[in-house]
Amino acid sequence: MKDEIVLNGIVLSSGLQGEYDRRLVILTREQGKVTAFAKGVRRPSSQLISKTQLFVMGAFTVYPGRNAYTLINVDAKEYFHELTFDMSKYCYGSYFCEMMSYFTREGDRSADYLNLLFVSLNALKKGLLPVKLIRCVYELKIMDIFGQGLQSFHCPVCGSDKLTRIFDPLSGGILCENCRSKAKKSIHISEDARYVLQYINGATLGNLYNFTVSDSVLEELMMITKEFLAVYVDRKFNSVEIIESLS
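We now turn to the structure provided with this report.

The rules behind the values
- Residues numbered from 1 in each chain as written.
- Predicted model: local features only at pLDDT ≥ 70, side-chain atom pairs only at ≥ 80, totals over all residues.
- Heavy atoms only, no water.
- Helix = DSSP H or I, 4+ residues; strand = E, 2+ residues; numbered from the N terminus.
- Phe/Tyr/Trp six-rings, centres within 6.5 Å; stacked < 30°, edge-to-face > 60°.
- Lys NZ or Arg CZ within 6 Å of the ring centre and 35° of its normal.
- Contact = heavy atoms within 4.5 Å.
- Salt bridge = Lys/Arg side-chain N within 4 Å of Asp/Glu carboxyl O.
- Buried < 20%, exposed > 50% of the residue type's maximum accessible area, 1.4 Å probe, protein only.
- Patch = residues over 30% accessible without salt bridge, like charges linked within 9 Å, V, L, I, M, F, W, Y side chains within 5 Å.
- Areas by Shrake-Rupley, 256 points an atom, 1.4 Å probe, with all protein chains shown as cover.

## What about unusual backbone geometry?
Where the residue is not glycine, phi is negative for most of them; where a peptide bond is considered, it is trans in most cases. Of note in the backbone geometry, Phe55 takes a positive phi value of approximately 85° without being a glycine. The phi angle at Phe80 is positive, at roughly 55°, despite the residue not being glycine. Here Phe80 shows up in the loop between strand S5 (69–78) and helix H1 (81–84).

Dropping the structure here:
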């Protein structure tokens, strides 16, 4: 078909549409977040039912419509089956996709977002790091890509690189000695926590999950990300409630 196009991406959500169809939201490298309808995939004869599930990564051949795409074929590269067999991993993966859907838009440049989602789902799949640590890293990095990253190298008030260990979520990061008195909400953090924040901010996506932390530092990171997101993300994600019920 002449107008067919191929979009490379990951399924962020997959819901029923009528008796046999599915409505997909896909984060794509080429077109940002798009909606595609997979017609007839729930019929017994369909070969696409397993390729239109949450987390599937691949090349999606679609036909453009007025407000959405019609899915024609999927060349699946990765299914992330391991996430569907573990309730905790599945819930965290769902949260990552829900959060990604919130931050992305159709037509936006999405290569960094897509790569972040892939390496994060892959980290969940491998299971080498605690899921709570993966969550903290994901939350901090997605905010960084969005342009509202936590400032850990320079004071968010004056730009100085002479930092203390005072984190102020309302100011947007770690304050310097001169600005610590201006903190609207002072939170003392450890030197290790500050180092980890700097590592996350500076790491390439390929090296994002190449470290681990002590239980005490993980507790700090969880507190820091929670306080930071409470200021800059005006949204309550449904999957968070499920995650917290598992704790």
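Structure shown, so let's carry the discussion forward.
## Observations concerning the packing of aromatic side chains
For the structure on display, the rule yields 10 aromatic pairs. Where Tyr102 meets Phe237, the ring centres are 5.6 Å apart and the plane angle is 85°; that geometry is what we call edge-to-face. Of the two residues, Tyr102 sits in helix H2 (residues 87–103) while Phe237 sits in the loop between helix H6 (215–232) and helix H7 (238–246), which places them 135 residues apart along the sequence. Chaining the aromatic ring pairs together yields one cluster made of Tyr95, Phe96, Tyr102, Phe103, Tyr138, Phe146 and Phe237. Above the face of the Tyr20 ring, Arg43 is positioned so that its terminal group lies 3.9 Å from the ring centre.

## Considerations on the environment of Phe153
Inspection of the secondary structure puts Phe153 in the loop between helix H4 (131–146) and strand S6 (163–168). Expressed as a C-alpha distance, the spacing of Phe153 and Leu175, which sit 22 residues apart in the sequence, is 9.6 Å. Discounting residues that sit within four places of it in the chain, Phe153 has contacts with Ser160, Asp161, Leu163, Gln198, Asn201 and Gly202.

## Here's the deal with the pattern of salt bridges
Going through the model one piece at a time under the given rule, you end up with nine salt bridges. Residues Glu78 and Lys125 are paired through a salt bridge, measuring 3.0 Å at the closest nitrogen-oxygen approach. Here Glu78 is found in strand S5, whereas its partner Lys125 is found in helix H3 (residues 111–126), with 47 residues between them in sequence. You can call Glu78 buried: its relative accessible area is 18%.

## What to know about a nonpolar patch on the surface
Judged by side-chain polarity, Met87, Ile242 and Leu246 come together as a nonpolar surface patch covering roughly 300 Å² of accessible area. Within the secondary structure layout, Ile242 lies in helix H7.

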